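Analysis of the macromolecular model
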Amino acid sequence: MSTPTKTSLPLDRFRTALASPRAEKRMDALISGDDAEAKVQALAVTDLYHLIAEVGLGDSVELLSLCTPDQVQGCVDMEIWDRDLPSVEAFLPWLAALQENGFEYFGKIWNGMDAELTALTLARLCIIYDKSLGEEVPDDEDRDVFETPDTFFQIVITAEDEVQIKLLYSIIADLYRFDLTEARMTIMAARAEPKAHLEEMSYRWRSGRMADLGYVDFYEALEVFRPLDPANVSIGEGSAEFVNTAKIANELPIASDLPAPMIEPIMGRSFFAKALESLEDNDEIEAMQGALLYLVNRVLSAGSLSPGNPEALELATLHATATAALGLEYISGGDEERAVEALRTISLTRLHRVGYTLCLRLSRFARMIAPRAMCGDADTLLLLEAVLSKRPFYPECLNEPGSTQMRPIESRDDLAAIADALKALALRVAIADALGVDLQALAAHPEPRPHLDDFARTALLRAASGQTASAAPLQVSELNAFRDFVGPTGLNTEARSAASAGLVELLDEAGVVEARDSLATLTASWLTELSESFKDLATDVPVDAKFLSGLVFATTMA
């Protein structure tokens, strides 16, 4: 018995697709042969649209000639809408490409699209005068005017671009050549119907079709960001999309291939990708592709991103798969075999919700710290910005100090790194509190002002010198004494121990017990910074505070 060939998901096939001129080859295969029309018209709208996007509209004229009006309407739905309004400027290039296939084809496609959309297109670019009602173009009109072939209407073209003006001339001429009655109906609707009504009805029709493709409105899409307690999700629960295919048959888009902008982000989620690659059953693979599209479409809608924008699709895929990968790794405990079973039995949407919930836990912790941490350095502020975002991110400054890059949180290691950074931040805030600093009041002061860790370094400087740890502004005499104490080789072990002990005593007296496991690392880094700052200072002149940073100085020295 032969083994069924796996369809699309295995990642070696993805890699091959990325390394080859995928779109052009696929289009050539579709439009060649006697059954070209049937093959093209069997394509899902999402497949067709992204194929055209990859090849380019100008090079897809022959492919368009084989499409149905419904397919073209679907592509236009994905291309021209900005939230609830269509962009005529984005629609016109499609109309120009459609015209390349002749007036009969163009008329068939035009009449097969939403009448409200086509009328709105003319209404936005023309002023229409009905001669049968005695309407005439004003004598002072200096824009292009032409009369329709039936002599019923005079049309003033309000477009200013020469290319658009020529295109409108040819569109109206082609409509009359194809079907005089339909042409009149479009023009009459463009003249008589309020634009707001045409926009509203176009949006309604478009929303219904997009929902059939798995795209939903903003509020329904937010379901993927509804928190879900991981304890309520378990392997074997039977919520996976392909387990419930009959239940969501009208919602779940099944595609024979994923759009190119989705491939690389999926491959980048290593743990998630390995689990996907282990799927072998064709039905599972096909349904998993549909589930991925189903999830990504909702992330697009929740982010008010255009499904027709390849960059937006790539970004939504990156976020959706990273968050789902986090949920998958957490539920499976990082075990690859359990992860495969989790994919087979748990909905991707539920895995995404689990991942998002784990991120929100970090956000809640960060929100408690943030008001007193706003005097932190750039990396601290970036950490808070990333974690407190509407959808939390991983700040790359945790790996590379100074980096301003962020990416989605995608693994338990990411969670642990952020949690450790937040615990350390909580301790840094607690140290400043123990030193009597009003951090919230300080944050209200304009720059220049001391930063969060300046107080801890100031206290350590005193403790290393044998004094009581204090954040009081430093005097020149204290700086001179510490410079002489450090010497050319830096702080010795005894001084470091004294400084550490002084900080521990301070926290003990203040009753600070949380996050103390971060104290040794923080103290060591601060003492190293102090040592490096002072060891090379000249010893024959007083210390000039202008050449130091990271400490709290007396006002006369600032």
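Since the model is a prediction, treat every value here as computed from it, not as a measurement.

Focus on helix α21 (residues 412–434)
Helix length check: α21 (23 residues) gives 32 Å between terminal C-alpha atoms against 33 Å at 1.5 Å per residue, within 8%. Among the residues trailing α21, Gly-436 stands out with phi positive, at a value near 85°.

Digging into the packing of helix α25 (residues 493–510) against helix α26 (residues 519–534)
Orientation of α25 relative to α26, taken along the N-to-C sense of each, is 130°, at an axis distance of 10 Å. Overall, the two elements α25 and α26 adopt an arrangement that is oblique. The interaxial crossing formed by α25 with α26 has right-handed handedness. Across the interface between the two elements, Arg-496, Ala-499, Ser-500, Leu-503, Val-504 and Leu-507 of α25 pack against Leu-519, Thr-523, Ala-524, Trp-526, Leu-527, Thr-528 and Ser-531 of α26. Counted by class, the contact of α25 with α26 contains eight nonpolar, four polar and one charged residues.

Observations concerning the pairing of strand β5 (residues 153–157)
With four of five residues buried, β5 is to be regarded as a mostly interior element. Looking at chain direction, strand β3 (residues 126–130) and β5 are connected through five bridges and run antiparallel. Note that in β5 the partner of Ile-128 across the bridge is Ile-155. Pairing between strand β4 (residues 145–147) and β5: three bridges, direction antiparallel. Paired with Phe-146 across the bridge in β5 is Ile-155. Hairpin connection of β4 to β5: five residues between the antiparallel strands, including Thr-151 at a positive phi of 65°.

Considering the packing of aromatic side chains
Tallying each qualifying case throughout the model produces six aromatic pairs. Summarising the aromatic geometry, the rings of Phe-106 and Trp-110 are spaced 5.8 Å apart at their centres and angled 40° between planes, so their arrangement reads as tilted. Remark: Trp-110 and Phe-106 occur in helix α8 (residues 103–112); sequence separation between them is four residues, near one turn of the helix. On the basis of relative accessibility, which here comes to 1%, the residue Phe-106 falls in the buried class. Taken together, a centroid distance of 4.6 Å and an interplanar angle of 45° make the contact between Phe-146 and Tyr-169 tilted. With Phe-146 in strand β4 and Tyr-169 in helix α10 (residues 162–178), this residue pair connects regions lying 23 residues apart in the sequence. The ring of Tyr-294 has Arg-298 lying over it, and the distance from NZ or CZ to the ring centre is 3.7 Å.

Parameters at a glance
Residues numbered from 1 in each chain as written. Predicted model: local features only at pLDDT ≥ 70, side-chain atom pairs only at ≥ 80, totals over all residues. Heavy atoms only, no water. Helix = DSSP H or I, 4+ residues; strand = E, 2+ residues; numbered from the N terminus. Expected span 1.5 Å × (residues − 1). Axes fitted to C-alpha atoms, helices over the stretch in contact; angles between N-to-C directions. Parallel < 35°, antiparallel > 145°, perpendicular 65-115°, else oblique. Left-handed = near helix turned anticlockwise from the far one by under 90°. Contact = heavy atoms within 4.5 Å. Nonpolar A, V, L, I, M, F, W, Y, C, P; charged D, E, K, R; others polar. Buried < 20%, exposed > 50% of the residue type's maximum accessible area, 1.4 Å probe, protein only. Pairing = 2+ DSSP bridges. Phe/Tyr/Trp six-rings, centres within 6.5 Å; stacked < 30°, edge-to-face > 60°. Lys NZ or Arg CZ within 6 Å of the ring centre and 35° of its normal.

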